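Residues per chain are reported as follows:
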Amino acid sequence: MSLTDKDKALIKGFFAKVSSKAVEIGHQTLARTIVVYPQTKVYFSHWKDLGPDSPNIRKHGYTVVKGVLDSVDLIDDLVGGLLELSELHAFRLRIDPANFKILNLNLVVVLGLMFPDDFTPQVHVSVDKYLALICLALCEKYR
Amino acid sequence: MVEWTDSERAIINGIFSNLDYEEIGRKSLCRCLIVYPWTQRYFGGFGNLYNAETILCNPLIAAHGTKILHGLDRALKNMDDIKNTYAELSLLHSDKLHVDPDNFRLLADCLTVVIAAKMGPAFTVDTQVAWQKFLSVVVSALGRQYH
């Protein structure tokens, strides 16, 4: 499921519109991931406050979503461009890749919620493909 | 048996009470067929599904989306026994329609995105928890009679 030129154009156009709200998108995405899928809390046991309004959730949500948005600059070679991040997730964080899909779903829900007119089905499918490719790139160094 | 808190019942009833079944049904099914095009395999007799634009204008798809929402309404009205309420529907999807049960989850995800888009900030984290719990019970019940 590789990205067509049309996919890339739709993704870049949509991300340009939403990037100014990255803090809110990140916060909502990670908060919903942790509350709706409580098993994901295991990766944050070093934080005392895991409530949806915790400053750690806010900050880390932004880190993750900014990574997703910024990776659009690497869209022609996500595997190569995300090698270091892949090593981080594989060797240090060791996050089960099933959780990437959970985060992706919550990101997509938040995008639909915050940008109901722009997150059309056509944009949704391109973004969904992009997120799936990011997952694959992050998994590159896992084994 | 699934246990529902008063709060969960209120949230789910609240979502349905403000829902335009035709609008949400149409949008959810269209989104599913566009975002997960392999789901189109079950709609061979539904006319033109050539691209996103034709799917979005297809009246047969729109009607079927409404039908799906009315099906969910049955689960809403029988929240304490969704499993048995859907026993026949599950057999239908398994034996007659031959739908891969993983596809129920895909449609459920699209329904969640469409409802989130409709409700905006009112689709709070707690609302999402209750809503996704409801959908996961529905999806599980629909897959139960597969053999």
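How each quantity is defined
Residues numbered from 1 in each chain as written. Chains lettered and ligands numbered in written order. Predicted model: local features only at pLDDT ≥ 70, side-chain atom pairs only at ≥ 80, totals over all residues. Heavy atoms only, no water. Helix = DSSP H or I, 4+ residues; strand = E, 2+ residues; numbered from the N terminus. Rg over C-alpha atoms; globule rule 2.2 N^0.38 Å. Buried < 20%, exposed > 50% of the residue type's maximum accessible area, 1.4 Å probe, protein only. Contact = heavy atoms within 4.5 Å. Lys, Arg positive; Asp, Glu negative; His and termini not counted. Charge placed at Lys NZ, Arg CZ, Asp CG, Glu CD. Areas by Shrake-Rupley, 256 points an atom, 1.4 Å probe, with all protein chains shown as cover. Axes fitted to C-alpha atoms, helices over the stretch in contact; angles between N-to-C directions. Parallel < 35°, antiparallel > 145°, perpendicular 65-115°, else oblique. Nonpolar A, V, L, I, M, F, W, Y, C, P; charged D, E, K, R; others polar. Salt bridge = Lys/Arg side-chain N within 4 Å of Asp/Glu carboxyl O. Polar contact = N/O pair within 3.5 Å; in protein donor to acceptor, adjacent residues only side chain to side chain. Expected span 1.5 Å × (residues − 1). Core = buried A, V, L, I, M, F, W, Y, C linked by side-chain atoms within 4.5 Å. Arc of directions from axis to C-beta.

## Some thoughts on the overall build of chain B
Right, on to step 1. Within chain B one finds 8 helices and 0 strands.
Right, on to step 2. Over its C-alpha atoms chain B spans a radius of gyration of 15 Å, differing by no more than 12% from the 15 Å that the globule rule assigns to 147 residues.
Right, on to step 3. The principal-axis extents of the C-alpha atoms in chain B amount to approximately 45 × 40 × 20 Å.
Right, on to step 4. Evaluated residue by residue, chain B yields a buried proportion of 48% over its 147 residues.
Right, on to step 5. Long-range contacts, defined here as pairs at least 24 residues apart, represent 73% of the contacts in chain B between residues at least 6 apart.
Right, on to step 6. Positive and negative charge centroids in chain B, built from 14 and 16 side chains respectively, lie 4 Å apart.

## Comments concerning the overall build of chain A
Right, on to step 1. A tally of regular secondary structure across chain A gives 7 helices and 0 strands.
Right, on to step 2. Written out in order from the N terminus, the α and β elements of chain A read α-α-α-α-α-α-α.
Right, on to step 3. Since a compact globule built from 143 residues should have a radius of gyration of about 15 Å, the 15 Å found for chain A is in line with a globular shape.
Right, on to step 4. Projected onto its principal axes, the C-alpha coordinates of chain A cover approximately 45 × 35 × 20 Å.
Right, on to step 5. Once local pairs closer than 6 in sequence are excluded, the contacts in chain A between residues at least 24 apart make up 79%.
Right, on to step 6. Just so you have it, chain A exposes about 7500 Å², and 56% of that area is on carbon and sulfur atoms.

## Here's the deal with the packing of helix α4 (residues 59-77) of chain B against helix α8 (residues 125-143) of chain B
Between two packed helices, both the angle of their axes relative to each other and the distance between the axes serve to describe the pair.
All names here are of chain B.
Right, on to step 1. Running from N to C, α4 and α8 cross one another at 105 degrees; their axes reach a closest spacing of 11 Å. It follows from the interaxial angle that α4 and α8 lie roughly perpendicular. Taken together, the residues of α8 that come into contact with α4 (itself represented by L72, A75 and L76) are F134, L135 and V138.
Right, on to step 2. The residue makeup of the contact of α4 with α8, split by class, is 6 nonpolar, no polar and no charged.

## Quick look at the interface of chain B and chain A
Right, on to step 1. The interface is formed by 21 residues belonging to chain B together with 20 residues belonging to chain A.
Right, on to step 2. Our enumeration of links across chain B and chain A arrives at 0 salt bridges.
Right, on to step 3. Inspection of the region where chain B meets chain A yields 8 residue pairs in polar contact (both at pLDDT 80 or more).
Right, on to step 4. Elements with a contribution of two residues or more to the side of chain B that touches chain A: α2 (21-35), α3 (52-57), α7 (102-119) and α8 of chain B.
Right, on to step 5. A total of 5 residues in the side of chain B that touches chain A trace back to one element, the largest contributor, which is α7 of chain B.
Right, on to step 6. A breakdown of the residues in the side of chain B that touches chain A according to their chemical character gives 13 nonpolar, 5 polar and 3 charged.

## What to know about α8 of chain B
Right, on to step 1. With 19 residues, α8 of chain B ought to run about 27 Å at 1.5 Å a step, and its terminal C-alpha atoms sit 27 Å apart, in line with that.
Right, on to step 2. For α8 of chain B, every residue scored as buried is listed here: V125, T127, Q128, A130, W131, Q132, F134, L135, V137, V138, A141 and L142 of chain B.

## So, the nonpolar core
Right, on to step 1. Core analysis: the largest hydrophobic core is formed by 67 residues, its most contacted members being Y130 of chain A together with F16 and F134 of chain B.
Right, on to step 2. Aside from chain neighbours lying at most four places away, what touches F134 of chain B is W4, I12, F16, L72, A75, L76, M79 and I82 of chain B.
Right, on to step 3. Within the second largest apolar cluster, 16 residues are counted, among which are C30, V35, I55 and L107 of chain B.

## Observations concerning helix α6 (residues 87-96) of chain B
In an α-helix, one turn spans 3.6 residues, which is why side chains three or four residues apart end up on the same side.
Residues and elements named next belong to chain B.
Right, on to step 1. Every buried residue belonging to α6 is among S90, H93 and S94, and all of these are buried. Taken around the axis of α6, the buried residues stretch over an arc of 95 degrees, which confines them to a single face. In α6, the exposed residues that point more than 90 degrees away from the buried face are E88 and K96.
Right, on to step 2. Of the surrounding elements, those touching the buried residues of α6 are α7 and α8.
Right, on to step 3. Of the residues flanking the end of α6, it is H98, one or two places downstream, whose phi is positive at about 55 degrees.

## Quick notes on unusual backbone geometry
Among all residues save glycine, negative phi is the norm, and among peptide bonds the norm is trans.
Right, on to step 1. A positive phi angle, close to 50 degrees, is found at R94 of chain A, a residue other than glycine.
Right, on to step 2. Mapped onto the elements, R94 of chain A comes out in the loop between α5 (83-93) and α6 (98-114).
Right, on to step 3. The exposure class of R94 of chain A is exposed, given its relative accessible area of 59%.
Right, on to step 4. Non-glycine residue H98 of chain B carries a positive phi angle of around 55 degrees.
Right, on to step 5. Relative to the elements of secondary structure, H98 of chain B occurs in the loop between α6 and α7.
Right, on to step 6. Residue classification places H98 of chain B among the exposed positions, given a relative accessible area of 52%.

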